[in-house]
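The chain contents come next:
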Amino acid sequence: MITQIRRRLLHTPLFYKILWANITIVALGAIAGTIVTVWHVTTFPEQAHYPLIAVFAGAGVLISVLVNQWVLRKALEPLDRLQTAVEAIRSGSRNVRVELGDNSDERFDRLAEAFNQMLEQIEQDSQRLRQLSRQILQAQEEERRRLAHELHDEAAQSLTSLLVHIRLLERAQNPAEAQRHIQELRELTARALEDVRRVALDLLPKILDDLGLAAALEWRVDELNKAHGLQASITVQGMERRLPRETELVLYRIAQEALSNVCRHAQATKVTVLLHGDGQRCILQVVDDGVGFDTSRLADGNGHGLGLVGMRERIAMIGGSLEITSKPGAGTQIKAQAPWPQTEG
Ligand SMILES: Nc1ncnc2c1ncn2[C@@H]1O[C@H](COP(=O)(O)OP(=O)(O)O)[C@@H](O)[C@H]1O
Ligand SMILES: [Mg+2]
């Protein structure tokens, strides 16, 4: 019972704490003053009573200061804890949380709760950032490994056979044999050149710089048709003017990732690329009829690759937007919209 009253008193807002403390001081002062004065007047009727005023005023001020100070110090204790927490965070501690205990008023409780929630959010965000940068580093490493493999397995092997044939050519016994080796050398050189070109094209197609986004995507779709048992098509509209270089690169990378996702995950029979410009913006769509996926799983950001995240980051960089529409069993549609400035880039 007493603890309940105490808790309720401690929970009252600061304003009421101070108000009640002062009302109590004034009321007790008035009552005590009157009792003492009445006692003094009746006990010592012939004495002057004025010095009493000075005693009461002094005692009143002293008590008021002491009580107000005590009440304020108690009431503001939660703010001190909040400040201690802020300082701890500023000096680098991460797992700080504010505990206000029983004797804080409701508004401080709410403040501390909001503060703790913000800290929680910051902690979650920074964990997510750390995880993303780890994934980026891994992806970079994988890409390097893939490139190293391609260079080693294809270009380097072709060059090694070139060397072998050059040696054979040196040892050729007659012009006819030499002629045969020269013929083989020419074929091998052409193949090595093709390998190197393919690796380079895969990294960044020259056609993108030379002929623009539409041509580069048409080339990509052609390659897809050749390499996979997948029917790929492209429709281009309103793309007579070139987009700014950065926008072309961003949209190209988005299409590249979307198409690679179709090959890796979709089990689709058909994929369509749509590139549409209306002078103010450019819209790229990649639509497949594959297995689709649950897009709500993307929100948690766990256990996924960087492809879709990278698409979002890239399009945000140029002030565009990205929509991913997919459902298990209902195919996937990636739609990227990029602004198209009036002045040519
Ligand atoms: N076209 C698609 N069809 C089916 N599932 C897809 C498609 N695109 C993306 N996904 C799903 O979304 C996940 C995330 O894709 P992404 O971010 O590109 O990462 P990754 O390709 O490295 O797995 C994939 O693992 C896959 O489950
Ligand atoms: Mg991917």
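Higher on the page you've got the structure.
Here's a quick rundown of the structure. (Residues numbered from 1 in each chain as written. Chains lettered and ligands numbered in written order. Predicted model: local features only at pLDDT ≥ 70, side-chain atom pairs only at ≥ 80, totals over all residues. Heavy atoms only, no water.)

Comments concerning unusual backbone geometry
Most peptide bonds take the trans configuration, and most residues that are not glycine carry a negative phi. For clarity, the cut-off: The helix count covers DSSP runs of H or I at least four residues long, the strand count covers runs of E at least two residues long, and both are numbered beginning at the N terminus.
A positive phi angle, close to 50°, is found at Gln 267, a residue other than glycine. Following the sequence through the fold, Gln 267 ends up in the loop between helix 8 (245-266) and strand 2 (270-277).

Re the site of ligand 1
Worth spelling out the cut-off: A single heavy atom is enough: if one lies within 4 Å of a molecule or strand, its residue is considered near that molecule or strand. Throughout this description, a polar contact denotes any pair of N or O atoms lying within 3.5 Å of each other; where both atoms belong to protein, one of them has to be capable of donating a hydrogen while the other can accept it, and for residues adjacent in sequence the pair is counted only when both atoms sit in side chains. Here the open area of atoms and residues is found with the Shrake-Rupley method and a 1.4 Å probe, where only the protein chains shown may cover a residue.
Near ligand 1 lie 14 residues; those nearest to it are Glu 257, Asn 261, His 265, Asp 288 and Leu 308. At 3.4 Å from an oxygen atom of ligand 1 is found a side-chain nitrogen or oxygen belonging to Arg 264. Within the side chain of Asp 288, one N or O atom sits 2.9 Å away from a nitrogen atom of ligand 1. For ligand 1, whose unbound accessible area comes to 540 Å², protein coverage reaches 86%. Looking at the shell around ligand 1, the elements with two or more residues in it are helix 8 and helix 9 (307-317).

Details of the packing of helix 2 (residues 14-43) against helix 3 (residues 50-90)
Rules: Angles here are taken between N-to-C directions and fall from 0 to 180 degrees, while the axes themselves are lines fitted to C-alpha atoms, restricted in helices to the stretch in contact. For this classification, under 35 degrees means roughly parallel, over 145 means roughly antiparallel, 65 to 115 means roughly perpendicular, and everything else is oblique. A crossing counts as left-handed when the near helix is turned anticlockwise from the far one by less than a right angle, and as right-handed when that turn is clockwise. We call two residues contacting when some pair of their heavy atoms lies within 4.5 Å. Three classes are used, and their members are as follows: Ala, Val, Leu, Ile, Met, Phe, Trp, Tyr, Cys and Pro are nonpolar, Asp, Glu, Lys and Arg are charged, and the others, Gly among them, are polar.
Look at helix 2 against helix 3: their axes get within 10 Å of each other, and the N-to-C directions meet at 160°. Considered as vectors, helix 2 and helix 3 are oriented roughly antiparallel to each other. Viewed along their axes, helix 2 and helix 3 form a crossing whose handedness is right-handed. Mapping the contact onto sequence places Leu 14, Lys 17, Ile 18, Ala 21, Asn 22, Ile 25, Gly 33, Val 36, Thr 37 and His 40 in helix 2 and Leu 52, Phe 56, Ile 63, Ser 64, Val 67, Asn 68, Val 71, Leu 72, Ala 75 and Leu 76 in helix 3. Residues of the contact of helix 2 with helix 3, tallied by class, amount to 13 nonpolar, six polar and one charged.

A closer look at helix 3
Cut-off, in case you're wondering: How far a helix is expected to stretch is found by multiplying one less than its residue total by 1.5 Å. Residue burial is assigned from relative accessible area. The probe radius is 1.4 Å, only protein chains are included, and a residue is buried under 20% of its type maximum, exposed over 50%, and partly exposed in between.
With 41 residues, helix 3 ought to run about 60 Å at 1.5 Å a step, and its terminal C-alpha atoms sit 57 Å apart, in line with that. Restricting attention to buried positions, one finds in helix 3 the residues Leu 52, Asn 68, Val 71, Ala 75, Pro 78, Leu 82 and Ala 85. Elements that come into contact with the buried residues of helix 3 comprise helix 2 and helix 4 (106-170). Within two residues after helix 3, Gly 92 carries a phi angle of roughly 110°, on the positive side.

A closer look at the sheet that holds strand 4 (residues 321-326)
The condition is simple: Any two strands are treated as partners once DSSP identifies two or more bridges connecting them.
Strand order in the open sheet formed by five strands is 1-2-3-5-4, and the pairing between neighbours is mixed. Sheet topology places strand 1 (231-237) and strand 4 at the edges, where each strand pairs with a single neighbour. Pairwise comparison of adjacent strand axes, ignoring direction, gives a mean angle of 10° for this sheet. In this sheet, strand 5 (residues 332-339) lies alongside strand 3 (residues 281-288) in antiparallel orientation, the contact comprising eight bridges. Opposite Cys 282, over in strand 5, you have Ala 338 as the bridge partner. Along the sheet face, helix 8 touches strand 2, strand 3, strand 4 and strand 5 and points at about 10° away from the line of strand 3.

Here's the deal with the packing of helix 3 against helix 4
Their axes nearest at 10 Å, the elements helix 3 and helix 4 cross at an angle of 15°. Taken together, helix 3 and helix 4 sit at an angle that is classed as roughly parallel. Considering only the axes of helix 3 and helix 4, their crossing is left-handed. Note on element contacts: helix 4 touches helix 3 through Phe 108, Leu 111, Ala 112, Phe 115 and Leu 119, opposite Ala 75, Leu 76, Pro 78, Leu 79, Leu 82, Ala 85, Val 86 and Ile 89. Across the contact of helix 3 with helix 4, the residue classes tally to 13 nonpolar, no polar and no charged.

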